[in-house]
Amino acid sequence: MKFTNIRFLPFCYTFESRIKTKGERISWFLIYPIYLLLFCYIFSFDFLYCFVGILSTMQMYEVGYLFNDIYTVKKEKNPTTRISGELVWYKNKFKYLVVFKTITALLLPLVFLDLMFFSVMTTSLLFILFFYFLHNNIRNRANVLTYFFLVSLRYTAPVFYFLDFQLFLLIIISFPLCRTLEHSCKKKYDIKLSKLIVSSNVDLFRVKYYAFFTFIVFCFFGLGKALIIMSYFLTLRALALLLSDSSYFKRNKHDSY
């Protein structure tokens, strides 16, 4: 790969190791940065704070990805190989990547000279490291819980500075809870209830999930801002279900499920 130094930047390792196809990248942008920026717009939060929060969060999150892909996989019987073609480069640059990503993740929030924002972001980032340490060293059903905390932090850390409890819960049900239910269906966990809830058609499950929570949000909050957020995900998942047979958006199912 040319210009290998760009691998030190946010998102690059995520795209190279996990979000590889054009369809997956479009989906990822819609359900993560665009969703969070929409969230900020609807609730009148500062866009720049959120954007910097996303950059910092992904830098730290990719530290966890690197540890998982280079070291944790050695403990697994049937590991998922994500960077086989570039593994040597990543092993050689591992220390530099981890140090650079960690330092930049912690320093980026200082750009606003806002001590409270810096404190909130730093605490969130350290929690990401902590839960990644647990996630990469625990190899049993407890990983479902550590996974939930990691995904929750990825979504809440960039905007935690602005959140009250209700908005925090809204973000949790918007994505982390749904994704954790799907994750718990992995064969290694052997959780029959999860497989029963999610079923074999993930796209259909997502539509049902968001339809249910959109109805719940409507019952509690009516035609308000929270309903827009849930309707956004419901619309995306309904479109994904309609396009699920398209070769462009066809999902690559991992052997772990």
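The structure we're discussing is the one just above.
Computed from a predicted model, the values in this text were never measured in an experiment.

*Asks:* Even after reading the chapter, I still don't get the packing of helix H3 (residues 33–42) against helix H12 (residues 225–242), so can you show me in this structure?
*Replies:* Two measures define how a pair of helices packs: the angle their axes make with one another and the distance between the axes. For the pair H3 and H12, interaxial distance at closest approach is 10 Å and the crossing angle is 160°. Put simply, H3 runs roughly antiparallel to H12. Crossing of H3 against H12: the hand is right-handed. Residues Ile34, Tyr35, Leu38, Phe39 and Ile42 of H3 form the contact with H12, whose own contacting residues are Lys225, Ile228, Ile229, Tyr232 and Phe233. Residue composition of the contact of H3 with H12, by class: 9 nonpolar, no polar and 1 charged.

*Asks:* Whenever I open this one, the layout of surface pockets confuses me. Can you help?
*Replies:* Over the atoms, a rolling probe the size of a water molecule traces out where space has been left empty. Here the second largest pocket is characterised by a volume of approximately 240 Å³. What lines the second largest pocket is a set of 14 residues, among which Gln166, Leu170, Val217, Phe221 and Ala226 lie closest to the centre. Every element with two or more residues in the lining of the second largest pocket is listed here: helix H8 (165–174), helix H11 (202–221) and H12. A breakdown of the residues in the lining of the second largest pocket according to their chemical character gives 11 nonpolar, 1 polar and 2 charged.

Analysis parameters
- Residues numbered from 1 in each chain as written.
- Predicted model: local features only at pLDDT ≥ 70, side-chain atom pairs only at ≥ 80, totals over all residues.
- Heavy atoms only, no water.
- Axes fitted to C-alpha atoms, helices over the stretch in contact; angles between N-to-C directions.
- Helix = DSSP H or I, 4+ residues; strand = E, 2+ residues; numbered from the N terminus.
- Parallel < 35°, antiparallel > 145°, perpendicular 65-115°, else oblique.
- Left-handed = near helix turned anticlockwise from the far one by under 90°.
- Contact = heavy atoms within 4.5 Å.
- Nonpolar A, V, L, I, M, F, W, Y, C, P; charged D, E, K, R; others polar.
- 1 Å grid on protein atoms, 1.4 Å probe; cavity = no way out; pocket = protein on both sides within 12 Å on 5 of 7 lines; lining within 4 Å.
- Points joined across faces, edges and corners; volume = space filled by probe spheres on them.

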